[in-house]
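# Overview (structure and organization)
What follows is each chain in one-letter form.
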Amino acid sequence: MPAPRRPLIAGNWKMNGLGAEAEALATDLARRTWAVGAPAFELVLCPPFTLVARVAAAVAGSGIAVGGQDCHTEEKGAHTGDVSAAMLADLGCSFVIVGHSERRADHGEDDTLVKAKAEAALAAGLRAIVCIGETEAERHGGRTLATVAGQLDASLPVGAGAANTVVAYEPVWAIGSGLTPSAEEIQEVHAHIRGELAKRLGTDEAGGIRILYGGSVKPENAAALLTLADVDGGLIGGASLDAGGFWSIAESCV
Ligand code: PEP
């Protein structure tokens, strides 16, 4: 029997936020979490590296997790400007996003590198949120399922399982655009991803892995997009910068 999948709502703050506003946002979410007690969903905040320590301090004891937006493949060494998974763990992170389409586009990251980063994350005791998703051209060319299956196959870390890996399906054309696939299309892709995971890890393990949807999720569309059978939460960009909106998205998942 696969373990039940607790919905996970991850906020990807991208390159946004300075200390005071980040602390206010994190504190607001921590207060809401305390007020509820034990929410049925799990929250993770992924601020820029500069804010990880402040956000971790602001949410300490609330049950809200903190994650990085990227990590290096190596634990330490001559890699100017980079941050390792061990450093994130040291700051209080328990998650890290790898392979976000903005990293793939802005920094030329490919599946091989994403896989190595995910493996570094696991080695440091972090849970990896591995992002995959098709471009607009791939979707229009009828290659969505093949694209995500190929990305998954090439970027899933060795040792991946329900306890340490989350998959985020994020169509590139839906990120920050206000556009989303239909609910039926999202469910089709998620079911396909779970099927691919099952081929590799077995049905039980695949049944326990959380598969998030990301791309223009807002409070208005969250209930329709995030409660589908194989959707186990969301990776939220723009809408995660507003505490009330982010909280309402999380509440829509359960
Ligand atoms: C993202 O950056 O992962 C994302 C889904 O962004 P947005 O919600 O703004 O589309």
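These notes cover the structure that comes with them.

The rules behind each value
- Residues numbered from 1 in each chain as written.
- Predicted model: local features only at pLDDT ≥ 70, side-chain atom pairs only at ≥ 80, totals over all residues.
- Heavy atoms only, no water.
- Helix = DSSP H or I, 4+ residues; strand = E, 2+ residues; numbered from the N terminus.
- Buried < 20%, exposed > 50% of the residue type's maximum accessible area, 1.4 Å probe, protein only.
- Polar contact = N/O pair within 3.5 Å; in protein donor to acceptor, adjacent residues only side chain to side chain.
- Contact = heavy atoms within 4.5 Å.
- Phe/Tyr/Trp six-rings, centres within 6.5 Å; stacked < 30°, edge-to-face > 60°.
- Core = buried A, V, L, I, M, F, W, Y, C linked by side-chain atoms within 4.5 Å.
- Pairing = 2+ DSSP bridges.
- Right-handed = clockwise from strand over helix to strand, strands pointing away.
- Near = heavy atom within 4 Å.
- Areas by Shrake-Rupley, 256 points an atom, 1.4 Å probe, with all protein chains shown as cover.
- Nonpolar A, V, L, I, M, F, W, Y, C, P; charged D, E, K, R; others polar.

## Overview of the side chain of Ser 216
Of note, Ser 216 is situated in the loop between strand S7 (210–214) and helix H10 (219–226). Its relative accessible area of 9% is what places Ser 216 among the buried residues. Polar side-chain contacts of Ser 216 include one of 2.6 Å to the backbone oxygen of Ala 174. A distance of 3.4 Å separates a polar side-chain atom of Ser 216 from the backbone nitrogen of Ser 177. Setting aside its immediate chain neighbours within four residues, Ser 216 contacts Ala 174, Ile 175, Gly 176, Ser 177, Gly 178, Leu 179, Thr 180 and Asn 221.

## Some words on the packing of aromatic side chains
Tallied over the full model, the rule gives two aromatic pairs. Here the aromatic rings of Phe 41 and Trp 247 are separated by 5.2 Å at their centres, their planes lie at 80°, and the arrangement is edge-to-face. In this pair, Phe 41 sits in the loop between helix H1 (19–36) and strand S2 (42–46) while Trp 247 sits in helix H11 (residues 243–252), placing the two residues 206 residues apart along the sequence. Residue class for Phe 41 comes out buried when judged on its relative accessible area of 5%.

## Things to note about the nonpolar core
Core analysis: the biggest nonpolar cluster contains 64 residues, and Leu 45, Val 167, Ile 193, Leu 197, Tyr 213 and Leu 226 have the highest contact counts within it. Residues contacting Leu 226, with those up to four places away along its chain left out, are Tyr 213, Val 217, Val 231, Gly 233, Gly 234, Ile 249 and Cys 253. In this structure, Ala 10, Val 44, Cys 131 and Ala 168 belong to the second largest nonpolar core, which totals 13 residues.

## Observations regarding the pairing of strand S8 (residues 233–236)
Along S8, one buried face is formed by Gly 233 and Leu 235 and the opposite face, lined by Gly 234 and Ile 236, is buried too. Looking at chain direction, strand S1 (residues 8–12) and S8 are connected through four bridges and run parallel. Among the inter-strand pairings, Ala 10 is bridged to a residue of S8, identified as Leu 235. Across two bridges, the pairing between S7 and S8 is parallel. The residue bridging Gly 214 from the neighbouring strand is Leu 235, located in S8. For the crossover from S7 across H10 to S8, the handedness is right-handed.

## Digging into the site of the ligand
The local shell around the ligand holds 14 residues, among which Lys 14, Glu 170, Gly 176, Ser 216 and Gly 237 are the closest. In this structure, an oxygen atom belonging to the ligand sits 2.9 Å away from a side-chain N or O atom of His 100. A distance of 2.7 Å is found between an oxygen atom of the ligand and a backbone nitrogen or oxygen belonging to Gly 176. Relative to its unbound accessible area of 290 Å², the ligand is 97% covered by the protein chains. Of the residues belonging to the shell around the ligand, the class tally is four nonpolar, eight polar and two charged.

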